Amino acid sequence: MVFNRKGYFGRYGGCFVPEILMPALKELEEAYFSLGKEKDFQEELDYYLKNYAGRPTPLYFASHLSQKLKGPKIYLKREDLLHTGAHKINNTLGQVLLAKKMGKKRIIAETGAGQHGVATATACALLGIKCAVYMGEEDVKRQSLNVLRMRTLKAEVIPVKNGSRTLKDAINEALRDWVTNIETTFYVLGSVVGPHPYPTMVRDFQSVIGKEVKRQIMEKEKRLPDYLIACVGGGSNSMGLFYPFYKEEKVNFIGVEAGGLGLNTKKHSATLASGERGVLHGALTYLLQDKDGQVRLTHSVAPGLDYSGVGPELSFYKETKRAKFTTVTDKEAISAFFLLSEVEGIIPALESAHAVAYLKKNCSQFKNNLVVLNLSGRGDKDMCIIERFLKEKNNE
């Protein structure tokens with residue numbers, strides 16, 4: 001992997017932030033690469049991941065889905081079975097534990113689908129630290145269940161009313177808060193985005209996913225998979241799956257972005273499929289921009305994919321062709337949501353349903369291939385969205 005301590009993956013990454021944030025990022029970098037690598041820290045984190053979060057998660061052979069699609073042999077990495085219902089807890093336990101070791105008194109976070117917010121609030125409740133979560137006003141409406149969960153965990157949920165009122169704007173407000181309260185506050189970023197060292201740190205905390213898959217698939221199949229498939233928003237669940245296989249050149253990576261209402265409509269979040277290079281939230285990466293270089297508004301039925309950028313390491317994967325990136329539409333994702341629910345009895349998050357949709361749409365291309373799909377979250381949080389979809393469909 002092309003990476004240096006300045007946080008670049010090839011040309012992507014870096015630390016493009018106001019000068020006032022540099023001391024905090026330097027402090028975080030030093031703490032992560034010292035405290036975060038110590039044996040005692042790793043043992044304590046492993047304890048919480050195993051006994052509190054529920055790791056290792058199963059690698060489940062989806063026999064009915066495999067039979068239905070008549071092509072690939074499909075395994076699902078069941079991150080949906082973790083405490084709080086998604087992979088996000090892997091990262092928040094790591095970051096909040098690090099914050100406590102650093103002596104920080106307050107945690108802030110941003111969230112889109114609400115899963116990162118819930119996971120941060122959960123880790124803060126466990127470790128006894130105050131928590132505030134910024135969430136776009138639109139996402140507050142779409143994810144009311146997760147808002148209630150965060151407030152039940154004694155987190156302050158702060159609606160953001162600027163811009164598109166989604167994830168990008170929540171990150172902006174969290175960064176403003178951090179600038180004001182650097183001495184006492186730790187910013188728990190939820191994906192492999194932002195300035196160094198966040199993309200590396202979040203990837204490392206999420207790599208437990210791919211490490212487990214590597215061990216589990218060898219036990220079950222005595223070989224590595226042909227394909228790894230994951231949805232891509234900011235990119236934490238995909239990087240968590242992909243990274244431990246980076247040097248396994250015969251293992252193909254496929255990242256599935258949110259095609260929304262279609263790439264021709266501009267109502268989508270397909271950053272790697274149609275974005276351009278630029279700086280967003282402190283890192284050089286691919287992002288969606290208008291002709292004037294302004295960050296474009298995005299759309300996805302899945303709130304966790306509704307983001308105008310992507311992690312810089314994934315941008316590097318695109319440029320070097322280590323991974324293939326593709327898109328599915330809202331309708332295709334919803335269709336896959338019902339497919340997995342009906343044939344396997346597993347209700348996926350709408351984010352994860354994008355990965356299932358790609359497999360459904362292209363199943364003939366994977367005939368006799370061994371595929372692992374990261375089921376990054378469960379669909380409880382999305383039932384209100386599905387209910388609205390069904391009502392609209394019945395009224396057509």
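Keep in mind it's a predicted model, so treat the numbers as computed, not measured.

Participant: What exactly am I supposed to notice about the overall build of the protein chain here?
Facilitator: A count of helical and extended segments in the protein chain gives 16 helices and 14 strands. Rg of the C-alpha trace for the protein chain: 19 Å, near the compact-globule value of 21 Å for 396 residues, within the 12% margin. When its C-alpha atoms are laid out on the principal axes, the protein chain stretches across 55 × 50 × 40 Å. The 396 residues of the protein chain split such that 62% are buried. Here the analysis covers contacts within the protein chain between residues at least 6 apart in sequence; of these, 74% occur between residues at least 24 apart. In the form shown here, the protein chain has an accessible surface area of approximately 16,000 Å², with 50% of it arising from carbon and sulfur atoms. Charged side chains of the protein chain number 56 positive and 44 negative; the gap between the two group centres comes to 3 Å.

Participant: Could you clarify how one ought to interpret the sheet that holds strand β8 (residues 185-188) in this entry?
Facilitator: As a general point, the strands of a sheet are linked pairwise by backbone hydrogen bonds and lie either parallel or antiparallel. Sheet architecture is open: four strands sit in the order β7-β6-β5-β8, paired in parallel fashion. Pairing within the sheet leaves two strands with one partner each, and these edge strands are β7 (156-160) and β8. Strand-to-strand twist of the sheet, defined as the mean angle between neighbouring strand axes without regard to direction, takes the value 25°. Of the strand pairs in this sheet, strand β5 (residues 106-111) and strand β6 (residues 130-136) are connected by six bridges, and their pairing is parallel. The residue of β6 that forms the bridge with I107 is C131. Its contacts with the sheet place helix α4 (residues 88-101) against β5 and β8, and it is angled at close to 165° to β8.

Participant: Quick question: what am I supposed to make of the pattern of salt bridges here?
Facilitator: Pairing between side chains of opposite charge can happen when the charged atoms of each approach one another. A complete count under the given rule lists 27 salt bridges for this structure. Taking the shortest distance from any N to any O, the salt bridge between R142 and D139 comes out at 2.7 Å. In this pair, R142 and D139 both sit in helix α6 (residues 137-142), three residues apart, roughly one turn of the helix. Accessibility expressed as a relative area gives 12% for R142, which makes it buried. Residue class for D139 comes out buried when judged on its relative accessible area of 0%. Linking E248 and K214 is a salt bridge whose minimum nitrogen-to-oxygen distance equals 3.4 Å. Placement of E248 in the loop between α11 (236-242) and β10 (252-260) and of K214 in helix α10 (residues 208-221) is noted, with a sequence separation of 34 residues between them.

Participant: I would appreciate a short explanation of empty space enclosed by the protein in the present structure.
Facilitator: In this approach the atoms are scanned with a rolling probe the size of a water molecule, which exposes any empty space left behind. Counting across every chain of the model gives three cavities of 30 Å³ or more. Quantified by volume, the largest cavity comes out at close to 370 Å³. H87, K88, S236, G304 and E351 are, among the 32 residues lining the largest cavity, the residues nearest its centre. Of all the secondary structure elements, the ones that give two or more residues to the lining of the largest cavity are β5, α5 (115-127), α8 (167-180) and α11.

Participant: For this particular structure, what's the right way to read the packing of α4 against helix α9 (residues 198-206)?
Facilitator: Relative orientation and spacing of two packed helices are given, respectively, by the angle between their axes and the distance between those axes. The N-to-C vectors of α4 and α9 enclose an angle of 120°; their axes lie 8 Å apart at closest approach. On the basis of the axis angle, α4 is oblique to α9. The hand of the α4/α9 crossing is right-handed. Within the contact between the two elements, α4 uses K88, N90, N91, G94, Q95 and L98 and α9 uses Y198, M201, V202, F205 and Q206.

Participant: Looking at this structure, I do not really get the packing of aromatic side chains. What am I missing?
Facilitator: Think of a pair of aromatic rings as described by two things: how far the centres are apart, and how the planes are tilted against each other in angle. According to the stated counting rule, one finds 14 aromatic pairs in the structure shown. Grouping aromatic residues by their ring pairs yields a cluster made of F242, Y246, F253 and Y317. Here R203 stacks its cationic end above the ring of Y243, 3.8 Å away from the centre of that ring. The positively charged end of R322 is found above the aromatic ring belonging to Y246, 5.9 Å away from the centroid.

Participant: Would you mind going over the side chain of K381 with me for this structure?
Facilitator: Tracing the backbone through its elements, the reader meets K381 in the loop between β14 (370-375) and α16 (383-394). By relative accessible area, K381 is classed as buried at 5%. Polar contacts involving the side chain of K381 include one to the side chain of D382, which spans 2.8 Å. Once residues lying within four places of it in the same chain are set aside, the contact partners of K381 are A113, Q115, R142, Q143, L145, N146, A349, L350 and E351.

Participant: For this particular structure, what's the right way to read the sheet that holds strand β13 (residues 323-329)?
Facilitator: With respect to topology, six strands assemble into an open sheet ordered β3-β4-β14-β9-β10-β13, the strand pairing being mixed. Whereas interior strands pair on both sides, the edge strands pair on one side only; in this sheet they are β3 (59-61) and β13. Neighbour-to-neighbour, the strand axes of this sheet turn through a mean angle of 25°, independent of strand direction. Strand direction decides the pairing type here: strand β4 (residues 73-78) and β14, joined by six bridges, are parallel. Its bridge partner lying in β14, Y75 is registered against V372. Strands in contact with α10 are β3, β4 and β14; relative to β4, the strand with the most contacts, it is inclined by about 140°. Strands β10 and β13 of the sheet are contacted by helix α13 (residues 312-319), whose axis makes an angle of about 105° with β13.

Here is what the cut-offs are and how they apply
Residues numbered from 1 in each chain as written. Predicted model: local features only at pLDDT ≥ 70, side-chain atom pairs only at ≥ 80, totals over all residues. Heavy atoms only, no water. Helix = DSSP H or I, 4+ residues; strand = E, 2+ residues; numbered from the N terminus. Rg over C-alpha atoms; globule rule 2.2 N^0.38 Å. Buried < 20%, exposed > 50% of the residue type's maximum accessible area, 1.4 Å probe, protein only. Contact = heavy atoms within 4.5 Å. Areas by Shrake-Rupley, 256 points an atom, 1.4 Å probe, with all protein chains shown as cover. Lys, Arg positive; Asp, Glu negative; His and termini not counted. Charge placed at Lys NZ, Arg CZ, Asp CG, Glu CD. Pairing = 2+ DSSP bridges. Axes fitted to C-alpha atoms, helices over the stretch in contact; angles between N-to-C directions. Salt bridge = Lys/Arg side-chain N within 4 Å of Asp/Glu carboxyl O. 1 Å grid on protein atoms, 1.4 Å probe; cavity = no way out; pocket = protein on both sides within 12 Å on 5 of 7 lines; lining within 4 Å. Points joined across faces, edges and corners; volume = space filled by probe spheres on them. Parallel < 35°, antiparallel > 145°, perpendicular 65-115°, else oblique. Left-handed = near helix turned anticlockwise from the far one by under 90°. Phe/Tyr/Trp six-rings, centres within 6.5 Å; stacked < 30°, edge-to-face > 60°. Lys NZ or Arg CZ within 6 Å of the ring centre and 35° of its normal. Polar contact = N/O pair within 3.5 Å; in protein donor to acceptor, adjacent residues only side chain to side chain.

Just distances and angles here, no functional claims.
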